[in-house]
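Chain residues, written in single-letter form:
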Amino acid sequence: MCAERLRCYLAGGRPPGGSRTYAGARDPRMPARSRPVELPGALYFATHSPVWHGGRAFYDPDAPGTAWARAHLLTAAQLSDIAAQEMYGPPGRDLDLAPVLATGRHALGPGRYETLVSPGALEGHPLLTFTAPWHLDDVPPVPPSVPYLRVIAAGLRETGRDPAAIARYLATRPGAAGHWTPAEVARALAAPGGNMPV
């Protein structure tokens, strides 16, 4: 969701607080437009990220609730290159988006971030993202790290959301809930020494 994080996928580089350098996309231009969106389903944290050293964020479109997100107007090639980097592959190959656009969900493989999801449309453009093939109840929750919370919170702040509401939202997502309180998340996001603006 964070513009600086997105820039690493598109132009290449290492996001502040992360431990991986990204190759970038064939087309490094930032999106022409970005908008906050609320999607049916849930954001949750599970598995272990070697980049962020804590739980990874996933989207379960079938879970009850609402997931806060940010829609970026990208080309199909840019989406393909971002997905390739998240799947630990090289950018450069266009995804076949026809199956996900026809059915709303299409698994490219069994791994995390290898399932394409289309939860609707916005201004005549399909909404597309990628997540894991499983559901949030299928995997043990794993708390996210502070740097990861900061980068997600930065993206939510860029949509104009209130910092206190962001802290409450993140602290109550599966994986973070029971490990972080809203007050603890708020303190972590506001603590000096953070690499991401919040």
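Residues numbered from 1 in each chain as written. Predicted model: local features only at pLDDT ≥ 70, side-chain atom pairs only at ≥ 80, totals over all residues. Heavy atoms only, no water.

J.: Residues and numbers for the nonpolar core, please.
T.: Grouped together as the largest cluster of nonpolar side chains are 57 residues, with contacts concentrated most on Tyr44, Phe45, Tyr148, Ile152, Leu170 and Val185. When residues in this core are grouped by element, the largest group, 7 residues, is from helix α4 (residues 146-158). In this view, isoleucine 152 contacts Met1, Phe45, Ala57 and Leu170; residues no more than four positions away in its chain are not counted. (Core = buried A, V, L, I, M, F, W, Y, C linked by side-chain atoms within 4.5 Å. Buried < 20%, exposed > 50% of the residue type's maximum accessible area, 1.4 Å probe, protein only. Helix = DSSP H or I, 4+ residues; strand = E, 2+ residues; numbered from the N terminus. Contact = heavy atoms within 4.5 Å.)

J.: Go over the environment of alanine 46, please, and point to the residues and values.
T.: For alanine 46, the location among the structural elements is in strand β2 (residues 42-49). Taking C-alpha positions, alanine 46 is 8.1 Å from proline 144, a pair spaced 98 residues apart along the chain. Contact partners of alanine 46, with chain neighbours within four places excluded, come to Gly55, Arg56, Phe58, Val139, Pro140 and Val142.

J.: An account of the pattern of salt bridges is requested, with residue identities and associated values reported.
T.: As enumerated under the stated definition, the model contains 10 salt bridges in all. In this structure, arginine 5 engages glutamate 86 in a salt bridge whose closest nitrogen and oxygen atoms are separated by 3.8 Å. Taken as a pair, arginine 5 in helix α1 (residues 3-11) and glutamate 86 in helix α2 (residues 76-86) lie far apart in primary sequence, 81 residues in all. For the pair arginine 5 and glutamate 86, a shared accessibility class is recorded, and that class is buried. Each of the salt bridges in this network shares a partner with another, and the network as a whole consists of Arg26, Asp81 and Asp94. (Salt bridge = Lys/Arg side-chain N within 4 Å of Asp/Glu carboxyl O.)

J.: So what's going on with the pairing of β2? Which residues, and what values?
T.: Buried residues dominate β2, accounting for 6 of its 8 residues. As defined by bridge partners, β2 adjoins strand β3 (residues 54-60) across 6 bridges and the pair is classed as antiparallel. Across the sheet, residue alanine 46 finds its bridge partner in β3, namely arginine 56. Taking the residues between adjacent antiparallel strands as the criterion, β2 and β3 are bridged by 4 residues, where histidine 53 takes a positive phi near 60°. (Pairing = 2+ DSSP bridges.)

J.: How would you sum up the environment of arginine 33? Please name residues and give values.
T.: Locating arginine 33 in the fold gives a position in the loop between α1 and β1 (34-40). The exposure class assigned to arginine 33 is partly exposed, which follows from its relative accessible area of 42%. Sequence separation between arginine 33 and histidine 72 is 39 residues, and the spatial gap between their C-alpha atoms is 6.0 Å. Contact partners of arginine 33, with chain neighbours within four places excluded, come to Ala71, His72, Leu73, Glu123 and His125.

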